[in-house]
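# Examination of the molecular architecture
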Amino acid sequence: MKKYIRTILTAVFIVIAVGCAVWLVRFYMDEAEGAQANERALTEAETEEPQEEPGESVEIPIDFASLQQTNPDVYAWIRIEGTNIDYPVVQSGQDNTFYLDHTWEGAEAAQGAIFTQTYNQKNFEDYNTVIYGHRMSDSNPVMFHDLLNYMDKEYLHSHQNVTIYTEQHVFTYKVFAAVVYDDRLLPLSFNFSEESQRQEFLDSVFASADLRSQFADNVEVTAQDQILTLSTCIAGEDHHRFLVEAVLTDEK
């Protein structure tokens, strides 16, 4: 009987060990795929000369034609100097959750991509454009990993400029708040076409009492401005999101 039990236990341990090994292999393959996708994005985005349309003075240093050959869902690029945030922005027209677990190229990967949903237009003319990205572990600091650094006020003030490139425009935003917020879907929770709702959202941001929330003292924002919301998760806090809020200060 004891020998039988030992045999069963041994078999169970072997199954567990094999399962763990398979999980680890998949985990590291997934990280490798994500890292390679990020490198390919940076390589494909490089241009020998900034793209310049005839008669236009704006310089676009992103090769969107090359990126869109790989995936037509690419329509913008986000960059925050001094951080790891330097990625294409995608939007699926069929599935708003697709890029939660697919890279910008469309391959399955836990890191997902930097993306918007169809509640927002692709021209950044909405009052509030919400951009989503995962915060991966410290061992894999990609996507919106660096956003939580904005919990430090000094970091916020030294990393205030957010640049969005599209095929025809360069948008510059300035961070005015970084707050712990609830997990509601903002475009469905506020009717941003109404000024009162825009103000209600701003009030809710500035009302954050979480000690991790930070606010810039050198930026003014009103319900008439256009803003950008960068949204990521907080480990162990499923009902919270960390939002970095920036206001449009320049468009070329």
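Residues numbered from 1 in each chain as written. Predicted model: local features only at pLDDT ≥ 70, side-chain atom pairs only at ≥ 80, totals over all residues. Heavy atoms only, no water.

### Thoughts on the pattern of salt bridges
The final tally for this structure, using the stated rule, is four salt bridges. For the salt bridge of R212 with D210, the shortest nitrogen-to-oxygen distance reads 2.9 Å. Given the relative accessible area of 24%, D210 is considered partly exposed. Where E237 meets R212, a salt bridge forms, and the shortest distance between an N and an O atom there is 2.8 Å. Of this pair, E237 sits in the loop between strand 8 (227-233) and strand 9 (240-251) while R212 sits in the loop between helix 5 (195-206) and strand 7 (214-215), and the two are 25 residues apart along the sequence. Looking at E237, the relative accessible area reads 22%, which means it is partly exposed. (Salt bridge = Lys/Arg side-chain N within 4 Å of Asp/Glu carboxyl O. Buried < 20%, exposed > 50% of the residue type's maximum accessible area, 1.4 Å probe, protein only. Helix = DSSP H or I, 4+ residues; strand = E, 2+ residues; numbered from the N terminus.)

### What to know about helix 5
An ideal rise of 1.5 Å per residue puts 16 Å on 12 residues; helix 5 measures up with 17 Å between its terminal C-alpha atoms. Taken residue by residue, helix 5 has Q197, R198, F201, L202 and V205 as its buried positions. Burial along helix 5 is one-sided: seen end-on, the buried residues are contained in an arc of 140°. Looking at the buried residues of helix 5, the elements they touch are strand 4 (128-132), strand 6 (170-182), helix 4 (186-189), strand 7, strand 8 and strand 9. (Expected span 1.5 Å × (residues − 1). Arc of directions from axis to C-beta. Contact = heavy atoms within 4.5 Å.)

### Describing unusual backbone geometry
Phi is positive for F124, close to 60°, though the residue is something other than glycine. Judged by relative accessible area, F124 falls into the buried class, the value being 1%. In this model, M143 sits at a positive phi of 55°, which is unusual for a non-glycine residue. In this structure, M143 sits in the loop between strand 4 and helix 3 (153-158). On the accessibility criterion, M143 (2% relative accessible area) is buried.

### Remarks on the environment of R40
Of note, R40 is situated in helix 1 (residues 2-45). Overall, R40 belongs to the partly exposed group, its relative accessible area being 31%.

### Side note on the packing of aromatic side chains
Under the defined criterion, the tally for this structure stands at 12 aromatic pairs. Residues F98 and Y99 carry aromatic rings whose centres are separated by 4.9 Å and whose planes lie at 90° to one another, so their mutual orientation is edge-to-face. Residue F98 is classed as partly exposed on the basis of its relative accessible area, which comes to 25%. Joined through ring pairs, the aromatic side chains of Y127, Y181, F190, F192 and F201 make up one cluster. (Phe/Tyr/Trp six-rings, centres within 6.5 Å; stacked < 30°, edge-to-face > 60°.)

### Points about the confidence of the model for the protein
Taken over all residues, the pLDDT of the protein has a mean of 85, while the share at 70 or more is 77%. When the criterion is pLDDT under 50, residues 15-28 qualifies, and its contacts beyond four places in sequence or with other chains add up to zero contacts. (pLDDT = per-residue confidence, 0-100.)

### Let's talk about the pairing of strand 9
As paired elements, strand 6 and strand 9 share 11 bridges and run antiparallel to each other. By the bridge assignment for strand 9, T172 is matched with D250. Bridge count for strand 8 against strand 9 is seven bridges, and the pairing is antiparallel. By the bridge assignment, S231 is partnered in strand 9 with L243. The hairpin formed by strand 8 and strand 9 contains six residues between the paired strands, and G236 there has a positive phi angle of roughly 80°. (Pairing = 2+ DSSP bridges.)

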